[in-house]
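Listed below, chain by chain, are the residues.
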Amino acid sequence: MTLPNRKKSALALVSGCTRCGACATRCAFLQEYGLPGEIAATWSAGQSKVDPFACSLCDLCAAVCPEKLEPGEFFLELRRRAAADPDFDSRPYRPLLSYERLGASPLFAGRSLPAGCKTVFFPGCTLPGSRPQSTRQLYNRLRELVPGLGLVLNCCHKPSHDLGLQSYFTKRFGDLQQALLKEGVREIVVACPNCYKVFLRYGGKLRVKSAWELLADQSPPKSLPSRVTSTSKVTIHDPCPLRHSSELQQAVRRLVASHGLEVKEMKSAGRRTLCCGEGGAVGRVRPELAAHWGKLRREQADGLPVLTYCAGCAGFLHRIGLSTIHLADLLADPVSALKGKSPVSTGLKTYLNRLLCKFSLLCRHRL
């Protein structure tokens, strides 16, 4: 985005923000730095000391703004300006950027496209690494619904996007997009909310569909073996990249109900969902702000198991002490998932899982 557009964004906040404070009610970032209109005004005057990397980019501010402003877009632009500075310190983000590069490298990336393939499953980076068994079952079930479904292992490059490395993101995601289009692919089925948001915003001619929508659209939804036999209650954490995707959110709830579970909604759900704490890589520079989001989620869960459909959210919420269930695990083995016994890998084993996944793809032509 050009500087004039950035200036326009700032001026829109300065003139449009009524300083009502609705956006700051649950946001520790805005409570520390001020309301969006105030931040934009000081930035326009060249006096701002705001750290845009302390914002989770979760867009709750936009969801609750009575004036329909989008402060998150402004803070993302501030990140892009900072990242373009030769003195930008990327050291806190090097592990994350390394993870991203490996996901798109020839070592980990790969694809299997049957003849005439138009639709592919794009599981992302974290799900195959942390939950390879559930990923296999998910892919096999999707193949029953989509004849000729292909598979693409790669990274959508959202970490670079959210860190403001726009030129790098545009080049790498653009290369992936063009390669898929050249192969005849026209639809991407994703399981990761971050991949969904990236393909929806930047995919161009590539349509994006959630795996959960495809599964829920079965009539009636078909449960996998080991359906729970007694009513269990869970609450649902909607990932913040999907806060505006109400149909997808409802598809998830239909799938959960089809497995005999009762859902008790959290106070902040759907369009007004909260960040889990991992958004925007805030925890790498301001861990106390990331912890703020986690604390709110823990309070709203009120002791119930938290079901989510983001592997990153599941991992972060589990690390702060919540009992979490990923939707893919629930579909694969509901009984084990509800007992907290679904196999979940962490650390270096996730890299091994992804390599084995690729080996299976290229050498056996299936997961």
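Described below are features of the structure shown in this document. (Residues numbered from 1 in each chain as written. Predicted model: local features only at pLDDT ≥ 70, side-chain atom pairs only at ≥ 80, totals over all residues. Heavy atoms only, no water.)

## A closer look at the sheet that holds strand E8 (residues 306-308)
With parallel pairing, four strands are arranged side by side in an open sheet as E7-E6-E8-E9. Here the strands that pair on one side only, and so sit at the sheet edges, are strand E7 (261-263) and strand E9 (324-326). Within the sheet, the average angular offset between the axes of one strand and its neighbour, ignoring direction, is 40°. Where strand E6 (residues 232-237) meets E7, three bridges bridge the pair, whose relative direction is parallel. Residue pairing in the sheet places Val234 in a bridge with Val263 of E7. This element, helix H13 (residues 246-258), spans E6, E7 and E8 of the sheet and lies at about 165° to E6. (Pairing = 2+ DSSP bridges. Helix = DSSP H or I, 4+ residues; strand = E, 2+ residues; numbered from the N terminus. Axes fitted to C-alpha atoms, helices over the stretch in contact; angles between N-to-C directions. Contact = heavy atoms within 4.5 Å.)

## Overview of unusual backbone geometry
A positive phi is found at Leu57, a non-glycine position, where the angle reads about 60°. With respect to the secondary-structure elements, Leu57 resides in the loop between helix H3 (36-44) and helix H4 (60-64). Accessibility expressed as a relative area gives 12% for Leu57, which makes it buried. Of note, Lys68 is a non-glycine position whose phi angle comes to about 60°, a positive value. (Buried < 20%, exposed > 50% of the residue type's maximum accessible area, 1.4 Å probe, protein only.)

## Quick look at the sheet that holds strand E2 (residues 119-122)
Read from one edge to the other, the open sheet built from five strands follows the order E1-E3-E2-E4-E5, with strand pairing classed as mixed. Each end of this open sheet is capped by a strand with a single partner; those strands are strand E1 (110-112) and strand E5 (207-210). Strand-to-strand twist of the sheet, defined as the mean angle between neighbouring strand axes without regard to direction, takes the value 25°. Pairing geometry for E2 and strand E3 (residues 150-153), over two bridges, is parallel. By the bridge assignment, Phe121 is partnered in E3 with Leu151. Packed on one face of the sheet, helix H11 (residues 193-202) meets E2, strand E4 (187-190) and E5 and runs near 155° to E5.

## What to know about the nonpolar core
Counting residues in hydrophobic clusters, the biggest one holds 51 residues, and the most contacted among them are Phe199, Trp212 and Leu327. If near-sequence neighbours (up to four positions away) are discounted, Phe199 is found in contact with Phe122, Phe173, Leu176, Ile188, Val190, Leu206 and Val208. With 34 residues, the next largest nonpolar core counts Leu30, Leu35, Cys58 and Cys240 among its residues. (Core = buried A, V, L, I, M, F, W, Y, C linked by side-chain atoms within 4.5 Å.)

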